[in-house]
Amino acid sequence: MSKEIFFYIEKYIEFIFAQKNLSKNTILSYENDLKELVRFFGKKDPLIYSNEDIKDYIFFLSRKYSPKTHCRKLSSVKNFFLFLVESNLIKRNPVENFSFPKIPKSVPKFLSESEINQLIEKSNEDKTLKGLRLTLQLEILYVTGIRVSELVNIKNGDINDDLSFIIIKGKGGDQRIVPIFGKVLDILKIYIDRLRSSQNGAINKFLFPSNSKEGHLTRNRFFQILKDLANKINLDPARVSPHIIRHSFASHLLNRGVDLRIIQESLGHKDISTTQIYTHIQPTKLRKILEKKHSIDDELKKFKKLS
């Protein structure tokens, strides 16, 4: 990659970091998308990419990635060229006339309440500090529905004095408060005491410290630990991930009649339309509501009385 091309990308990343309310992971994804674009074309100057060049790249994306990833990468490229246009480095955006692939709507996968409980119970068999840590992480995920990136980044300073709530720093720096209660609160108290005891009373910056360069347990490591736990209870590891536990939280609450906007707040969704996808996986609940509430049911009862 030439220094000149890298300079364009660097300036764009600086721009979106300063102007847009995006998370570090999102910005890193955009940067990687653009570096992949440049690797595809070698040292060819992006200021002279033609429509045919873009066609070739789109064909590459369609062969290598799912429609969802394809869309994200193409969006990254389109916004990059828009930045170059607005910076008067090129006259037109070579991507503007290309359409994005249609993304099929997928129903979120989730575990049953029994399967979630099996995972938690199995983690609880490990009485070491690491075992306690895993139990706490599972309990927090399932009781709050927060993202795995939000979980591993929890700082001790984000937890209020009586441990009853945690300030979660979400995407783009947004903050929300999630309550901690019941069994999770008890586990959190025990974990913090044991963690401090293991560190001779010292208070670490992060709730889940590690020797990683980030200073806390990484998302990838937690993902691996979760897969290992699934294997121990003969649950298909492909069905288990932090995100699936997040889906399970939302699905189970909705099934219990919790208002969608309450679930939206805990999940940290800005738009309720994102949360509404969970309504597609409640056919049993929908049937019960319709049978109970639909006016046709009353009409049928009246008809039976008359006949």
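Residues numbered from 1 in each chain as written. Predicted model: local features only at pLDDT ≥ 70, side-chain atom pairs only at ≥ 80, totals over all residues. Heavy atoms only, no water.

**Brief notes about the side chain of Asp33**
We count it as follows: The way it works is that DSSP assigns letters per residue, a run of H or I at least four long becomes a helix, a run of E at least two long becomes a strand, and they are numbered from the N terminus. Residue exposure (1.4 Å probe, protein chains only): buried if accessible area is under 20% of the type maximum, exposed if over 50%, otherwise partly exposed. In protein, a polar contact means a hydrogen-donor-capable atom and an acceptor-capable atom, both N or O and within 3.5 Å, with residues adjacent in sequence counting only if both atoms are side-chain atoms; elsewhere, any N or O pair within 3.5 Å suffices. Contacts were defined at the residue level, with two residues in contact if any of their heavy atoms lie within 4.5 Å.
On the secondary structure map, Asp33 appears in helix H2 (residues 24–41). Judged by relative accessible area, Asp33 falls into the buried class, the value being 1%. Within polar-contact distance, the side chain of Asp33 engages the side chain of Arg72 at 2.6 Å. One polar contact links Asp33 to Ser76, side chain to side chain, over a distance of 2.7 Å. Ignoring anything within four residues of it in the chain, the contact list for Asp33 reads Tyr57, Arg72, Lys73 and Ser76.

**Examining the pairing of strand E1 (residues 165–169)**
In plain terms, the rule: The criterion for strand pairing is that DSSP finds at least two bridges linking the strands in question.
With burial as the criterion, only one face of E1 is covered, namely that bearing Ile166 and Ile168; the residues Phe165, Ile167 and Lys169 on the opposite face remain uncovered. Inspection of the sheet shows E1 paired to strand E2 (residues 175–179) by 5 bridges, in the antiparallel sense. The partner of Ile167 across the bridge, within E2, is Ile177.

**What to know about the packing of helix H5 (residues 113–123) against helix H9 (residues 219–232)**
Basically, it comes down to this: Angles here are taken between N-to-C directions and fall from 0 to 180 degrees, while the axes themselves are lines fitted to C-alpha atoms, restricted in helices to the stretch in contact. When an angle is under 35 degrees it counts as roughly parallel; over 145 it counts as roughly antiparallel; between 65 and 115 it counts as roughly perpendicular; any other value is oblique. In this classification, Asp, Glu, Lys and Arg are treated as charged, Ala, Val, Leu, Ile, Met, Phe, Trp, Tyr, Cys and Pro as nonpolar, and every other residue, Gly included, as polar.
It is at 10 Å that the axes of H5 and H9 come closest, and there the two elements cross at 100°. Classified by the angle between their axes, H5 and H9 sit roughly perpendicular to one another. For the pair H5 and H9, the contacting residues are Leu119, Lys122 and Ser123 in the first and Leu229, Ala230 and Lys232 in the second. A class-by-class count of the residues in the contact of H5 with H9 yields 3 nonpolar, 1 polar and 2 charged.

**Some points on the packing of H2 against helix H3 (residues 51–64)**
Rules: Two helices that cross are described as forming a left-handed crossing if the nearer one is turned anticlockwise from the farther one by less than a right angle, and a right-handed crossing if clockwise.
At their nearest, the axes of H2 and H3 sit 11 Å apart, and the two run at 115° to each other. Considering the relative orientation of H2 and H3, their crossing is right-handed. Two secondary-structure elements touch here, H2 through Asp33, Glu36, Leu37, Phe40 and Phe41 and H3 through Asp53, Ile54, Asp56, Tyr57, Phe60, Leu61 and Lys64. Classifying every residue of the contact of H2 with H3 by side-chain character gives 7 nonpolar, no polar and 5 charged.

**Things to note about H5**
We apply this condition: What the arc describes is the spread of directions from the helix axis to the C-beta atoms.
Residues Glu115, Ile116, Leu119, Ile120 and Ser123 constitute the buried set of H5. The arc that holds every buried residue of H5, seen down its axis, measures 135°, which confines them to one face. Looking at the buried residues of H5, the elements they touch are helix H6 (129–144), H9 and helix H10 (242–255).

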